[in-house]
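If you want the building blocks of each chain, they are given just below.
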Amino acid sequence: MRRRLALGAACLFLSCVNPGVAEEPVRYNRDIRPILSKNCFACHGPDEHSRQAGVRLDDRAYATGEKGGLRAIVPGNSAASRAVIRITHPRRPMPPVETGKKLSEREIELVKRWIDQGAPYESHWAFEPPVRHPLPRVRQTAWPRNEIDYFVLARLEAEGLRPSPEADRYTLIRRLYLDLVGLPPPMAAVDAFVNDTRPDSYERLVEELLNSPHYGERWAAVWLDLARYADSKGYEADRLRSIWPWRDWVIRAFNDNLPYDRFTTLQLAGDLLPEPSQDQLIATGFHRNTMTNDEGGTDDEEFRDAAVKDRVATTGQVWMGLTWGCAQCHNHKYDPLSQREFYQLYAFFNQTEDSDQFDDRPRLKLDGRTTTLIMRELPPEQRRQTRVHQRGNFLDPGDPVEPDVPAAFHPFPDDAPRNRLGLARWLVDKRNPLTARVAVNRFWARLFGAGLVETEEDFGNQGAPPSHPELLDWLATEFMRLDWDMKALLRTIVLSAAYRQSSDATPELIERDRFNRLLARGPRVRLEAEIVRDQMLAASGLLSPKMYGPPVMPLQPEGVWQVVYSRDRWETSPGEDRYRRAIYTFRRRTSPYPALVTFDAPSGEICTLRRVRTNTPLQALVNLNDPLALEAASHLAARVAREAGGRFEDRLRHAFRLVLIRPPQQAELDRLAKLYEEARAKLSRDPLAASKLLEPAKIIYAEDRLEAIVPGAAAGAVEWRFRQADPGAGWEQPGYDDGHWEQGAALFGRIAPKKPPKEGEEELVYNPPPVRTSWDSERLWLRRVFEVPGDGYENFRLRVEFRGSFEVWINGVHAGSSGEESAGPLEVKVAPLAAATIRPGRNLLAIAARRTAAGDGDQYIDVALTALRPPALSPPRPDDAERAAWVAVAHVLLNLDETVTKR
Amino acid sequence: MSDRWELLRNQTRRYFLRSCSVCLGGLALGEFLGYAARAAAQEPSAANPLAPRRPHFAPKAKRVIYLHMAGAPSQLELFENKPALRKYDGQPCPQELLEGKRFAFIQGVPQMLAGQYEFRRHGESGLWLSELLPHLATVADELTVIRSMTTDQFNHAPAQLLMHTGNQRLGYASIGAWATYGLGTENQNLPGFVVLVSGGKTPDAGKSVWGSGFLPAVYQGVQCRSEGEPVLYLNDPPGIDRELRRTTLDALSDLNRLQYEQFGDPDTLARLGQYELAFRMQMEAPEAMDISREPPAVLEAYGAHPGKMGFANNCLLARRLVERGVRYVQLFDWGWDHHGNNERTDLRYDLPRKVAEIDRPVAALVRDLRERGLLEETLVIWGGEFGRTPMRENRGGNYGPYIGRDHHPHAFTIWMAGGGVKRGFVYGATDDIGYYVVENPVRPHDLQATILTLLGLDPYKFRYPFQGLDQRLIGPTDEAKVIRDLIA
């Protein structure tokens, strides 16, 4: 049967070219199931609630049984089968016209032939255990390097194709580096590899990379998509949370090569192991990556329920490639999972302590201030009763259910506890037909750009059939034979001749197999978002090798983080944290890092098994205009000048190779030289532009130029003139005499005594702000003269911390207001007209404030005025235009299509 | 094999055969792009997923401007004239209206609260409008008012998600994303789906309300900003001007071509095209976003002030964008959550201020579109994510000095104009206190089905395969109704 499956998939491709496969028996899984699944099962499938007219086509006994004297399928007699009569009905065809679905002539022909051949059914391939097939015979016996290649080559030979030659050494080392560690190879490693004539040089390189600490960073990034990892809670307020220790655990787990079964068990149920270690508890953060809703008036149970449902759906997706989530409202329409079975799975996850609480408890205290979210099982007396939710509504409970696994699969292990630990054992049981297949397919897809099963997220009836079924099964059985050793699996794949092929393609080959499903060439895909960024930093020499730790905030455009009810600000991290690998970038669900999202990184709201790759002009904008790309270019240009000596062509070659690894061709060098000349000529006419190109970092990091023109109260006692009674018209004008006003130091206000924390809540550390002048009335007027040290100050901003409304004037011109009520620190850009009045020397800041309706809480106002001092660019040098022209060249190199492509 | 992959594949193959020979023949890039732009077909092209595509049937509306008042404006102060509610003002709310209900803040038994403003009839249609909407009243005969909107979400974030993505949970595609996925966009130099935000904050549900969910990221809304660069990463970085940019792009393009000749990857050509599009977007987007180019009379009509952030400016921008072929413009205006827990959320003190911010620009937008002949094919929609209670909110069980209303999912009002909907028409009705819909209820899925239909897309057939299901904006069941009565 397996053999036929392989042939079947082959026909999938052949059929476009040559539909003449008349002698071949029609196969249910290959030919018929996709037609029925796409067109019929929604109304005539396993879900009895949506079933129409009592007709069921996914099950032979039902389909061939008699109902009201009619039979949907009469084996051996298509003409007498109601199904055929209806799909060919001239006026009322099935599927109904309004569904927009229609069987093609060819599909109708296939269904007829299948019925005439006796309508044999087969069970869905993915629900049968993988079988280790003997290696197929091949003609080109010199080509295969390992078992993978026999399966690939047999298929190619059947298609009349030949594999591509091995890629050159430069391409191979770049491909291996990008795939295994997510970074480009350093130049020294490239030269060493290219000149390494030892027969096992490739194998040595693979070992070296599998043992690199960056291996864990690369593969953890893949896992974070599945785990819907983020550093915030999601939903409305999307407040920040600390669960990054789990992310670090994943990186270490990959580096330590934790076997996949252990990796699974610790994440799903580490807390249920006897005397779990701290690490085993951290691992359970996997399913604590669900979202928490802080919005006022929400029912905690509603969102606890949403989190549990998400855990069931995510578990089905990640480990078994099945869309269990569909069954929360109704029986699955295509796959064997009833609604009742969904809630039996739900019951495994329904006994944990977390319940959509504001403090995200339970949490584990690590060192000092660091905590991380973990799973903890409820004590026996608090266990919840799980019931089916009718129509998926948690407020509408139906029959009670007990934890169990879907009946269509292998039974739950007899000796396993009916909890998450038992479920984890069932998932990684070697009888599970899907776990190994789904895992190897995922590794394959990240290396080749597409899985052997293209629909990584769906191995069920609606999923795509595997392009190489026998290879998929061989890899799955091999993975289990290797005791779930992930590095060993990766090693096996990258050592194959299939992986080492050149990815260059002739137009004929592209026309024949545009997406390289036949594997007649090597992988060639746009790099993942993280690698696009990391590579740019690495090539220029900016990348920080620092691993682990709290998420960092690299440069991002201003104003991207604006979330309702939130005081959290994006403040660019200092020092090397600006240049960390993308995996350490802060992930906020409602406001993900824009450069990564543009390259198709997910937001962490839902489990993402496969990123859909897009090509958009916004990606071009990111790589062209992200100031970080320019900074990388200027760094790269400086690096080239430092490392490549004085000869023009040596420099050009060096720059090219730092980015693209391979040596350039003459035509490429010529074109780059022309660009250099044009840019140099232009920049020699524009020295200011040249100096900006040379030192972009001095311009783009606003934080580094930030100066407190009027410091806030935290910096010390800043003196103001103030009044609590209406001063009358003109008080905000520079000419106004405030000599009769009182004088006092900020803060102005009062601090109320704090209530003790409520039962079960953690005590918050509270440092009351330094009130220096008492203010307890409703309104307050403030004036202060401030000094601007010199010319070129820009981007004046007011930072006001106040619960109430306020208006601000600078030099008598309206400069800004709270707009609506401010409930915390608010940053207001000084209005352009007011900013235009600010001169070096003395200026006047005037504020009128009105607090929120009386309450017994704190009341205070803290005002600061900041500005960016002009960038301290280095004094001009005679060779500025030349050096800046190199930046332009480097910028182009970083933007080349080949740069963002794995090939 | 899923439909989508098959379609993309075929499309790409045809595209490749054509474009490959064009480019190798050394013809100009413009022709190469021109091909992509002309390729109108039902399925998106992998080379240019935003190229215009034919709808399922002839559309009434070609573009949409959706004005969302985030926080949920009070229908009882703006559109619903309920004299009966005045009678019950201050009386305790009957128990049967409270039983089994969940409120965000109301506790115990709240009092009924009369509408705070006078209503009058306007236009030939005699549409009831509150005294707070004098400008909207002048275009009353252009509007279709739906008084019978109802939702099942009573919190902002899930309710906004339901209105825009058809699902209260995160991870689904917004209508704008669906529209650009289905129809592409007319102007390749601007994003196809633009989002403009005012009121100082993004909506409660964050960027997910204009997200692409499971659709490719290319269809997500692009937030254009009136401060800083209009589109993220649109401005040239320091030291690079247009001349130097053109010089570097020419080099980039030549080098990419050399690489294409060497390696034969058709994606190289697609990406080469994207760089040219990006270059043109850098030219056109700032121009489109610059309202200072409008004559003073237009600025005056909208109440717009160049350089100042705000809803009026965004309305004018919306007109400039649809005029330039943008498919879907989504405005969010924050600050409509009038709970009455302080002066700034009081129905008497703050609502008039908030309404005044939008009344003039919205009316100007409708009139401006009409005068330019754009209204016929531009669907304008105005509304919030739910309504507000006929009861006065009693946060913490008490009444303070301020007046407001709590979240009310059972009934609210939205209106539409242009784009093939009836003029001067009222649809649906609520009971005499505005608590429940009593006639022609319209759910978010019904509204979405109707919007898609107006755009020429069949809401039942328009789908995207994801996670084993044919995902649709209107959800998996066929309960959503196209409200044919709204369509002219």
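Chains are numbered independently. Their residues run from 1 in the order of the written sequence. To read the labels, note that chains go from A and ligands from 1, taken in the order they are written. Note on the predicted model: pLDDT of at least 70 is required for a residue's local features to be given, and 80 or more for side-chain atom pairs to be given and counted; whole-chain, interface and lining totals, by contrast, use all residues. Only hydrogens and water are set aside when side-chain values are computed; all heavy atoms of the structure are taken into account.

What to know about the overall build of chain A
Tallying secondary structure elements over chain A gives 33 helices and 19 strands in all. For chain A, the C-alpha atoms occupy an extent of roughly 105 × 75 × 65 Å along the three principal directions. Burial classes follow relative accessibility: with a 1.4 Å probe on protein chains only, a residue under 20% of its type's maximum area counts as buried, one over 50% as exposed, and anything between as partly exposed. When each of the 903 residues of chain A is scored for burial, the buried share is 61%. Within chain A, counting contacts between residues at least 6 apart in sequence, those at least 24 apart form 72% of the total. Computed with a 1.4 Å probe, the accessible areas rest on the Shrake-Rupley method; for each residue, only the protein chains presented here act as cover. For chain A, the exposed area adds up to about 35200 Å²; of that, 51% sits on carbon and sulfur atoms. Across chain A, the mean location of the 124 positive side-chain charges is 3 Å away from that of the 129 negative side-chain charges. Secondary structure follows DSSP: runs of H or I at least 4 residues long count as helices, runs of E at least 2 residues long count as strands, and numbering of each begins at the N terminus. Contacts: residue pairs with any heavy atoms within 4.5 Å of one another. The charged-residue count follows a simple rule in which Lys and Arg add positive charge and Asp and Glu add negative charge, with His and chain termini not counted at all. Charged side chains are reduced to one point each, which is NZ for Lys, CZ for Arg, CG for Asp and CD for Glu.

Observations concerning the overall build of chain B
Helices and strands together make up the secondary structure of chain B, namely 13 helices and 16 strands. Evaluated residue by residue, chain B yields a buried proportion of 66% over its 488 residues. Counting every atom, chain B has about 16200 Å² of accessible surface; 50% of that belongs to carbon and sulfur.

Observations regarding the nonpolar core
Residues grouped as a nonpolar core are buried Ala, Val, Leu, Ile, Met, Phe, Trp, Tyr and Cys residues, joined through side-chain atoms within 4.5 Å. Membership of the largest hydrophobic core comes to 267 residues, with the highest contact counts inside it found for Trp223, Trp246, Trp249, Phe263 and Leu475 of chain A together with Leu67 and Trp415 of chain B. An automatic or database domain assignment supplies the start and end points of every domain. Counting the residues that make up this core, at least three belong to each of domain 2 (227–431) and domain 3 (524–695 + 878–903) of chain A. Counting 58 residues, the second largest nonpolar core, distinct from the first, contains Leu170, Val209, Val218 and Leu455 of chain B.

Quick look at the domain arrangement of chain A
The domain boundaries assigned to chain A delineate domain 1 (28–121), domain 2 (227–431), domain 3 (524–695 + 878–903) and domain 4 (706–757 + 767–868). Just the C-alpha atoms count here: the centres of domain 1 of chain A and domain 4 of chain A sit 75 Å apart.

Things to note about the interface of chain A and chain B
Across the contact, 109 residues belong to chain A and 92 residues belong to chain B. Overall, the association of chain A and chain B removes approximately 8900 Å² of surface from exposure, summing both partners, and the carbon and sulfur fraction of that is 57%. By definition, a salt bridge exists where a carboxyl oxygen of Asp or Glu is found within 4 Å of a side-chain nitrogen of Lys or Arg. For the interface between chain A and chain B, the tally reads seven salt bridges. Two residues, Lys682 of chain A and Glu243 of chain B, come together in a salt bridge whose shortest N-O distance is 3.8 Å. For any pair of parts, buried area is found by adding up, for both, the accessible area (1.4 Å probe) each one loses once the two are put together.

A short note on helix H33 (residues 880–895) of chain A
Each helix should span, by expectation, one fewer than its residue count multiplied by 1.5 Å. Over its 16 residues, H33 of chain A runs 23 Å from end to end, which matches the ideal 22 Å to within 8%, given 1.5 Å per residue. Of all 16 residues making up H33 of chain A, 14 are buried, and the element is well covered by its neighbours.

Things to note about helix H12 (residues 244–255) of chain A
Residues and elements named next belong to chain A. Taking 1.5 Å of rise per residue, the 12 residues of H12 would be expected to cover 16 Å, and the 17 Å separating its terminal C-alpha atoms lies within 8% of that figure. Across the 12 residues of H12, 11 count as buried, placing the element largely inside the fold. Listing the buried residues of H12 in full gives Trp244, Pro245, Trp246, Arg247, Asp248, Trp249, Val250, Ile251, Ala253, Phe254 and Asn255. Next to the buried residues of H12 lie helix H11 (213–226), helix H13 (260–269), helix H14 (278–283), strand E4 (371–373) and helix H20 (486–495).

A closer look at the packing of helix H2 (residues 28–39) of chain A against helix H6 (residues 105–116) of chain A
Residue and element names in this part refer to chain A. In the contact formed by H2 and H6, the axes pass within 10 Å of each other and the chain directions differ by 120°. It follows from the interaxial angle that H2 and H6 lie oblique. The two elements H2 and H6 cross, and the hand of that crossing is left-handed. Facing Tyr28, Asp31, Ile32, Ile35, Lys38 and Asn39 of H2, the residues of H6 in contact are Glu107, Leu110, Val111 and Trp114. Residues are sorted three ways: Asp, Glu, Lys and Arg are charged, Ala, Val, Leu, Ile, Met, Phe, Trp, Tyr, Cys and Pro are nonpolar, and all the rest, Gly among them, are polar. Tallied by class, the residues present in the contact of H2 with H6 amount to six nonpolar, one polar and three charged. Every axis in this analysis is a line fitted to C-alpha atoms, fitted for helices over the stretch in contact. Angles between the N-to-C directions lie between 0 and 180 degrees. The cut-offs work like this: below 35 degrees is roughly parallel, past 145 is roughly antiparallel, 65 to 115 is roughly perpendicular, and the gaps in between are oblique. Each helix crossing is assigned a hand: it is left-handed if the near helix lies turned anticlockwise from the far helix by less than a right angle, otherwise right-handed if that turn is clockwise.

A word on the sheet that holds strand E4 (residues 143–149) of chain B
All names here are of chain B. Following DSSP output, two strands are said to pair if at least two bridges run between them. An order of E6-E5-E7-E1-E8-E11-E4-E12 is seen for the eight strands of this open sheet, with the pairing classed as mixed. On the outer flanks of this sheet lie strand E6 (222–223) and strand E12 (425–427), each paired with one strand and no other. Here E4 pairs with strand E11 (residues 412–417) via five bridges, running antiparallel. Paired with Met149 across the two strands is Phe412, which belongs to E11.

Remarks on the environment of Ala221 of chain A
Residue and element names in this part refer to chain A. Residue placement: Ala221 occurs in helix H11. The spatial distance from the C-alpha of Ala221 to the C-alpha of Thr314 is 17 Å, given a sequence separation of 93 residues. When near neighbours in sequence (up to four residues on either side) are disregarded, Ala221 contacts Glu530 and Ile583.

Remarks on unusual backbone geometry
What is expected of a backbone is that most residues other than glycine have negative phi and most peptide bonds are trans. Residues and elements named next belong to chain A. The linkage connecting Met94 with the following residue, Pro95, adopts the cis geometry, with an omega of -10°. In this fold, Pro95 is placed in the loop between helix H5 (82–87) and H6. Note that the residue after Ala746, namely Leu747, is joined by a cis bond; omega there is 0°. Along the chain, Leu747 falls in the loop between strand E10 (742–745) and strand E11 (748–750).

Quick word on the pattern of salt bridges
Applying the stated criterion to the full structure yields 106 salt bridges over all chains. Taking the shortest distance from any N to any O, the salt bridge between Glu479 of chain B and Arg391 of chain A comes out at 3.8 Å. Taken together, the positions of Glu479 of chain B in the segment after strand E16 (469–471) and Arg391 of chain A in the loop between strand E5 (386–389) and strand E6 (397–401) put the pair across two chains. Looking at Glu479 of chain B, the relative accessible area reads 55%, which means it is exposed. For Glu571 of chain A, the salt bridge goes to Arg569 of chain A, with nearest N and O atoms at 3.0 Å.

Topic: the packing of helix H15 (residues 300–320) of chain A against helix H16 (residues 339–349) of chain A
Residue and element names in this part refer to chain A. For the pair H15 and H16, the least separation of the axes is 9 Å and the interaxial angle reads 110°. Considered as vectors, H15 and H16 are oriented roughly perpendicular to each other. In this structure, H15 contributes Arg304, Asp305, Val308, Lys309, Arg311, Val312 and Thr315 to the contact, and H16 contributes Phe342, Tyr343, Leu345, Tyr346 and Phe349. The residue makeup of the contact of H15 with H16, split by class, is seven nonpolar, one polar and four charged.

Regarding the state of the cysteines
Counting rule for disulfides: a pair of cysteine sulfur atoms within 2.5 Å. Scanning the model with the defined rule gives zero disulfides over all chains in all. Free of any disulfide, Cys326 of chain A has its nearest neighbouring cysteine sulfur in Cys329 of chain A, separated by 9.1 Å. Left without a disulfide partner, Cys224 of chain B is nearest to the cysteine sulfur of Cys315 of chain B, which lies 15 Å away.

Description of the confidence of the model for chain B
Summary statistics for chain B give a mean pLDDT of 86 and a share of 89% for residues scoring 70 or more. Residue-level confidence of the predictor, termed pLDDT, takes values from 0 up to 100. In the predicted structure, residues 1–42 of chain B sits below a pLDDT of 50 and forms 76 contacts with residues beyond four places in sequence or in another chain.

Some details on the side chain of Thr608 of chain A
All names here are of chain A. Along the polypeptide, Thr608 turns up in the loop between helix H24 (594–598) and helix H25 (617–625). A relative accessible area of 16% places Thr608 in the buried class. A distance of 3.2 Å separates the side chain of Thr608 from the backbone oxygen of Ile606, its partner in a polar contact. As used in this structure description, the phrase polar contact means that two N or O atoms lie within 3.5 Å; if the pair is within protein, one of them must be able to donate a hydrogen and the other to accept it, and residues adjacent in sequence are counted only when both atoms belong to side chains.

A closer look at the packing of aromatic side chains
To pair, rings of Phe, Tyr and Trp, with the six-membered ring standing in for Trp, must have centres within 6.5 Å; the planes then decide the type, stacked if under 30 degrees apart, edge-to-face if over 60, and tilted in the middle. In total, this model carries 49 aromatic pairs over all chains according to the counting rule given. The rings of Trp223, Tyr229, Trp246, Trp249, Phe254, Tyr260, Phe263, Phe286, Trp319, Phe479 and Trp484 of chain A are connected pair by pair, giving a single aromatic cluster. The side chain of Arg395 of chain B reaches across the aromatic face of Phe105 of chain B, ending 3.6 Å from its centre. Remark: a charge is flagged as sitting over a ring if the NZ atom of Lys or the CZ atom of Arg is within 6 Å of the ring centre and within 35 degrees of the ring normal.

What about the pairing of strand E7 (residues 328–334) of chain B?
Residue and element names in this part refer to chain B. Of all seven residues in E7, seven are buried, a share of seventy percent or more. Both faces of E7 are covered, namely the face carrying Tyr328, Gln330, Phe332 and Trp334 and the face carrying Val329, Leu331 and Asp333. Two elements, strand E5 (residues 193–198) and E7, share six bridges in a ladder whose sense is parallel. The partner of Val194 across the bridge, within E7, is Val329.

Thoughts on the environment of Glu118 of chain B
Residue and element names in this part refer to chain B. When you line up the elements, Glu118 lands in the loop between helix H4 (83–88) and strand E2 (119–122). Accessibility expressed as a relative area gives 46% for Glu118, which makes it partly exposed. In the structure, Glu118 is positioned 35 residues away from Pro83 in sequence and 10.0 Å away in space, judged by C-alpha atoms. Beyond its immediate stretch of four places on either side in the chain, Glu118 contacts Arg86, Leu129, Ser130 and Glu131.

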